[in-house]
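In case you want the letters, here they are:
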Amino acid sequence: MKAAVYLIGLQQAVGRAELMQRELDQAGLTATRIDAVDSTAVSREEMLEQCRDEGNWGYFQTKDMACTLSHAKAWEALLASDADVALILEDDVFLSPDTGAWLDDLSWWPADAGIVKFERWRAKRLQVALGKGGFTHLGREVRQLMSRHSGGAAYVISRQAAQHFLDSRPFDITLDNLLFNFDASKPARGIKIYQVQPALAEQGNDVRGERGIGPKRHRPKGWPLIRQKLRRGIFEFRGGFRILPNVVLGRATLEKIRFDGRSLATPQTQHTHTA
């Protein structure tokens, strides 16, 4: 198997680009740049050619549309390449030094995987359901993800899964919910997803002044707000109700995803993976 690496970022975010180059270098990675869809340059009306105003998670924010469409550009780049899978990165992550080693030899890749999530979401209390079993590679576990997990800043996706999500257009939900919310996202239920534990990446590698680029977030009012809260509440309840039997019957455990930014594997010569 062959892997590509794509780094998504806004052209004007030069500070982030510099920080990410350091992360890529120390992780043994070379990435192809994907210019993110700029919500200050592309109108909401233009984005609605590939998106819907509202979906299962409520009002689809303009910035969130831009994010999802940016990832779609990376999926299209994967399909246009000769790679079998691609590591998709956003430009504000910290990477473990052994990340490149995971792509140098993909013999560990689960045969039924659509996505392997490399990222930890930085909510202190967040727990996700991970399937029992799995396997260990380079000192980390790879286990099936069985519950919602926020964040879409570092994941490896197969060609088949990339096509699967592109075929789900028009998009109507945030990128992380589209990929990792099995209750609110029908496309997410159509593939199998795994989680690396401890994670190889975490968001937060940011530059002052390069956050919040784009239009202000719109807050629905009245019935649209009530409808949004009801929808999200229903899907959150459905997710908890679905996970419970797996935990009670011992098919999954609730765990906090960890990230310490250090290689847990036996030290070895670092190889550079080229996209």
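Structure: see above.
Conventions we followed
- Residues numbered from 1 in each chain as written.
- Predicted model: local features only at pLDDT ≥ 70, side-chain atom pairs only at ≥ 80, totals over all residues.
- Heavy atoms only, no water.
- Helix = DSSP H or I, 4+ residues; strand = E, 2+ residues; numbered from the N terminus.
- Buried < 20%, exposed > 50% of the residue type's maximum accessible area, 1.4 Å probe, protein only.
- Contact = heavy atoms within 4.5 Å.
- Areas by Shrake-Rupley, 256 points an atom, 1.4 Å probe, with all protein chains shown as cover.
- Lys, Arg positive; Asp, Glu negative; His and termini not counted.
- Charge placed at Lys NZ, Arg CZ, Asp CG, Glu CD.
- Pairing = 2+ DSSP bridges.
- Phe/Tyr/Trp six-rings, centres within 6.5 Å; stacked < 30°, edge-to-face > 60°.

Visitor: In this structure, what is going on with the overall build of the protein? I would like to understand it.
Guide: A count of helices and strands for the protein gives eight helices and 17 strands. Taken along its principal axes, the extent of the C-alpha atoms in the protein is 60 × 50 × 35 Å. Counting every position in the protein, which comprises 275 residues, the buried fraction comes to 51%. By sequence separation, contacts in the protein at least 24 residues apart represent 82% of the contacts at least 6 residues apart. Carbon and sulfur atoms provide 51% of the accessible area of the protein, an area that totals close to 13,100 Å². With 38 positive and 33 negative side-chain charges, the protein shows a spacing of 9 Å between the two charge centroids.

Visitor: Mind showing me how you'd approach the sheet that holds strand β9 (residues 119-120) here?
Guide: Sheet strands pair via backbone hydrogen bonds, and the direction of the pair is either parallel or antiparallel. Strand order in the open sheet formed by three strands is β7-β15-β9, and the pairing between neighbours is mixed. Single-partner strands in this sheet number two, and they are β7 (93-95) and β9. Here β9 runs beside strand β15 (residues 201-203); their pairing, made up of two bridges, is parallel. Pairing of glutamate 119 across the sheet is with alanine 201, part of β15.

Visitor: Can you walk me through the packing of aromatic side chains in this structure?
Guide: Centre-to-centre distance and the angle between the planes together describe a pair of aromatic rings. Within this structure, the stated rule accounts for six aromatic pairs. Summarising the aromatic geometry, the rings of tryptophan 102 and tryptophan 108 are spaced 5.0 Å apart at their centres and angled 75° between planes, so their arrangement reads as edge-to-face. The two residues tryptophan 102 and tryptophan 108 agree in class, both being buried. Taken together, Trp102, Trp108, Trp109 and Phe118 form an aromatic cluster joined through their ring pairs.

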